[in-house]
Amino acid sequence: MARKKIALIGGGQIGGVLAQLIAHRELADVVLFDIVEDMPQGKTLDIAEASRIDGFDAKLKGTNSYKDIEGSDLIIITAGLPRKPGMSRDDLLTTNAKIMKSVAEGVKENAPNAIVIIISNPLDAMVTLFQRVTGFPHNKVIGQAGVLDSSRFSSFIAWELDVSVKDVNAMVLGGHGDSMVPLVRYANVNGVPVMEQLERKYGDAAKAKEVMDAMVQRTKMAGGEVVKLLKTGSAFYSPAAAATKMAEAILGDQKRVLPSCVYLDGEFGVNGYYVGVPAVLGANGCERVLEVTLNEEEQAALDNSVNSVTNLVADMERLGF
Ligand code: A3D
């Protein structure tokens, strides 16, 4: 059986790590596309020359031509500028919308049957724009944000409780912005509620809440924390890992439940917007949304986050996209 094919649109920081992760796992053959001449060819050659060392046969090709993405099963888009220090995700809107429009046209023409994962920011708007330009079915256009935001939240919990992160289940809903909603009440360590463990650790409910609030806040600001340290770009190892997890779920028809930016048609009370929610990812892309019972406070936080998404999409429309 022929190996699957993944095209990566954008060969920058995230695109490069994605190419390496996908090749190492032999998840698919990789085409790395970028508008910068020679760079994707150089990166893929460099990764491919380690194939004997790491023992992988996946093929890699760098390109500046959309023709090479033909026949892709999956496309992961990172084309666009990353945030600079002090810049909000929303500042990126105009620049990245122009880029996304051209990418969407290239993908539509050359890989009309692919499932597409988008990482470019501002995420919720870029996913919406890509779907509108291509007219691809909603279930085949998915944004990556929640897997990363949830991994960040889970990591902070594991470090705080000094337990293996593999046993932490914690999820973040909503848009990929400062209003995202880490779901505290459902966070658990192999079924044991995190809040209960914090209360036991500190022997004090108020202190436990204070510690949790700090972790929630750090999760919301985690992208900016990395931007501030890197100074010349934004996180790239972890977003690449997150999208690889989603790609594995889709190409392997795994039905993994991964928080993803997917199109809502009434779920969670949202109509016609892309928002981060738990989604079943399989061969058909987003196969189903798992709804969660939210209490009043959680629903209000989600509504607030959905509000930022609808405002962002309205801004994009006002700018002519
Ligand atoms: P970077 O290293 O700058 O790579 C972006 C690449 O896109 C560059 O190589 C550009 O040459 C390329 N590019 C520009 N215009 C086009 C075009 N028209 N067609 C094809 N390629 C083009 O950035 P990065 O890899 O660090 O980040 C990529 C994007 O992901 C940015 O928008 C980030 O803000 C975003 N990002 C999202 C998350 C999420 O969790 C959602 C996390 C981190 C970064």
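Quick caveat, the model's predicted, so the values are computed rather than measured.

## A few points about the site of the ligand
So, step 1. Lining the immediate environment of the ligand, one finds 29 residues, of which Q13, I14, D34, L81 and I119 sit closest.
So, step 2. Between an oxygen atom of the ligand and a main-chain N or O atom of Q13, the distance comes to 2.8 Å.
So, step 3. Within the side chain of D34, one N or O atom sits 2.7 Å away from an oxygen atom of the ligand.
So, step 4. Those elements that place two or more of their residues in the shell around the ligand are α1 (13-24) and α4 (93-110).
So, step 5. Split by residue class, the shell around the ligand holds 16 nonpolar, 12 polar and 1 charged.
So, step 6. There are two domains that each give the shell around the ligand at least three residues, and those are domain 1 (5-145) and domain 2 (146-321).

## What about helix α11 (residues 296-318)?
So, step 1. Helix length check: α11 (23 residues) gives 32 Å between terminal C-alpha atoms against 33 Å at 1.5 Å per residue, within 8%.
So, step 2. E298, L302, S305, V306, V309, T310, L312, V313 and M316 are the residues of α11 that are buried.
So, step 3. Lining the buried residues of α11 we find α4, α5 (123-134), β8 (172-173), β9 (181-182) and β13 (271-282).
So, step 4. Capping the start of α11, N295 holds a side-chain oxygen 3.1 Å from the backbone nitrogen of E297, two or three residues further along.
So, step 5. Following α11 by one or two positions, G320 has its phi on the positive side, about 95°.

## Quick look at empty space enclosed by the protein
So, step 1. Enumeration over the complete set of coordinates arrives at 1 cavity of 30 Å³ or more.
So, step 2. Looking at the largest cavity, its volume works out to about 30 Å³.
So, step 3. Contributing to the lining of the largest cavity are A145, G146, D149, V172, L173, G174, G175, M180 and G276.
So, step 4. Of all the secondary structure elements, the ones that give two or more residues to the lining of the largest cavity are α6 (146-161) and β8.

## Observations regarding the pairing of strand β14 (residues 285-289)
So, step 1. Bridging between β13 and β14 involves 4 bridges; their strand directions are antiparallel. Considered in β14, the bridge of A279 is made with V289.
So, step 2. The loop that links β13 with its antiparallel partner β14 comprises 2 residues.

## Overview of the packing of α5 against α11
So, step 1. Two elements in contact, α5 and α11, have axes separated by 9 Å at closest approach and are oriented at 55°. Considered as vectors, α5 and α11 are oriented oblique to each other. For the crossing formed where α5 meets α11, the hand is right-handed. Of the residues in α11, those in contact with D124, A125, T128, L129 and R132 of α5 are V309, L312, V313, M316 and E317.

## Observations concerning the packing of aromatic side chains
So, step 1. Per the stated rule, a full pass over the model turns up 5 aromatic pairs.
So, step 2. Seen from their ring centres, F130 and F136 are 5.8 Å apart, and the 80° between their planes marks the pair as edge-to-face.
So, step 3. The buried category is assigned to F136, whose relative accessible area is 5%.
So, step 4. A cation over an aromatic ring shows up here: K207 above the ring of Y202, its NZ or CZ 5.5 Å from the ring centre.

## Comments concerning the nonpolar core
So, step 1. Of all hydrophobic cores here, the largest spans 51 residues; its most connected members are I6, I76 and F268.
So, step 2. Counting residues domain by domain, this core receives three or more from each of domain 1 (5-145) and domain 2 (146-321).
So, step 3. With residues near it in sequence (within four places) discarded, I76 still touches I6, A7, L8, I9, L18, I22, I117, I119, A243 and A247.
So, step 4. Listed in part, the 32 residues of the second largest apolar core include V116, I118, V141 and Y274.

## Observations regarding the environment of K228
So, step 1. Note on placement: K228 falls in helix α9 (residues 222-230).
So, step 2. For K228, a relative accessible area of 65% gives the class exposed.
So, step 3. Along the chain, K228 and L183 lie 45 residues apart, while their C-alpha atoms are 26 Å from each other.

## Regarding the pairing of strand β4 (residues 74-77)
So, step 1. Of the two faces of β4, the one carrying L74 and I76 and the one carrying I75 and I77 are both buried.
So, step 2. Judged from the 4 bridges that link them, strand β1 (residues 5-9) and β4 form a sheet pairing that is parallel. Considered in β4, the bridge of I9 is made with I77.
So, step 3. Where β4 and strand β5 (residues 115-118) come together, 4 bridges link them in parallel fashion. When the bridges of β5 are listed, I76 appears paired with I117.

## Details of unusual backbone geometry
For residues that are not glycine, phi is negative in most cases, and the peptide bond is trans in most cases.
So, step 1. That bond from N121 to P122 is cis: its omega, -5°, falls within 30 degrees of zero.
So, step 2. One non-glycine residue, D162, lies in positive phi territory at about 55°.
So, step 3. Residue class for D162 comes out exposed when judged on its relative accessible area of 70%.
So, step 4. A positive phi is found at K255, a non-glycine position, where the angle reads about 55°.

About the criteria used
- Residues numbered from 1 in each chain as written.
- Predicted model: local features only at pLDDT ≥ 70, side-chain atom pairs only at ≥ 80, totals over all residues.
- Heavy atoms only, no water.
- Near = heavy atom within 4 Å.
- Polar contact = N/O pair within 3.5 Å; in protein donor to acceptor, adjacent residues only side chain to side chain.
- Helix = DSSP H or I, 4+ residues; strand = E, 2+ residues; numbered from the N terminus.
- Nonpolar A, V, L, I, M, F, W, Y, C, P; charged D, E, K, R; others polar.
- Domains from an automatic or database assignment.
- Expected span 1.5 Å × (residues − 1).
- Buried < 20%, exposed > 50% of the residue type's maximum accessible area, 1.4 Å probe, protein only.
- Contact = heavy atoms within 4.5 Å.
- 1 Å grid on protein atoms, 1.4 Å probe; cavity = no way out; pocket = protein on both sides within 12 Å on 5 of 7 lines; lining within 4 Å.
- Points joined across faces, edges and corners; volume = space filled by probe spheres on them.
- Pairing = 2+ DSSP bridges.
- Axes fitted to C-alpha atoms, helices over the stretch in contact; angles between N-to-C directions.
- Parallel < 35°, antiparallel > 145°, perpendicular 65-115°, else oblique.
- Left-handed = near helix turned anticlockwise from the far one by under 90°.
- Phe/Tyr/Trp six-rings, centres within 6.5 Å; stacked < 30°, edge-to-face > 60°.
- Lys NZ or Arg CZ within 6 Å of the ring centre and 35° of its normal.
- Core = buried A, V, L, I, M, F, W, Y, C linked by side-chain atoms within 4.5 Å.

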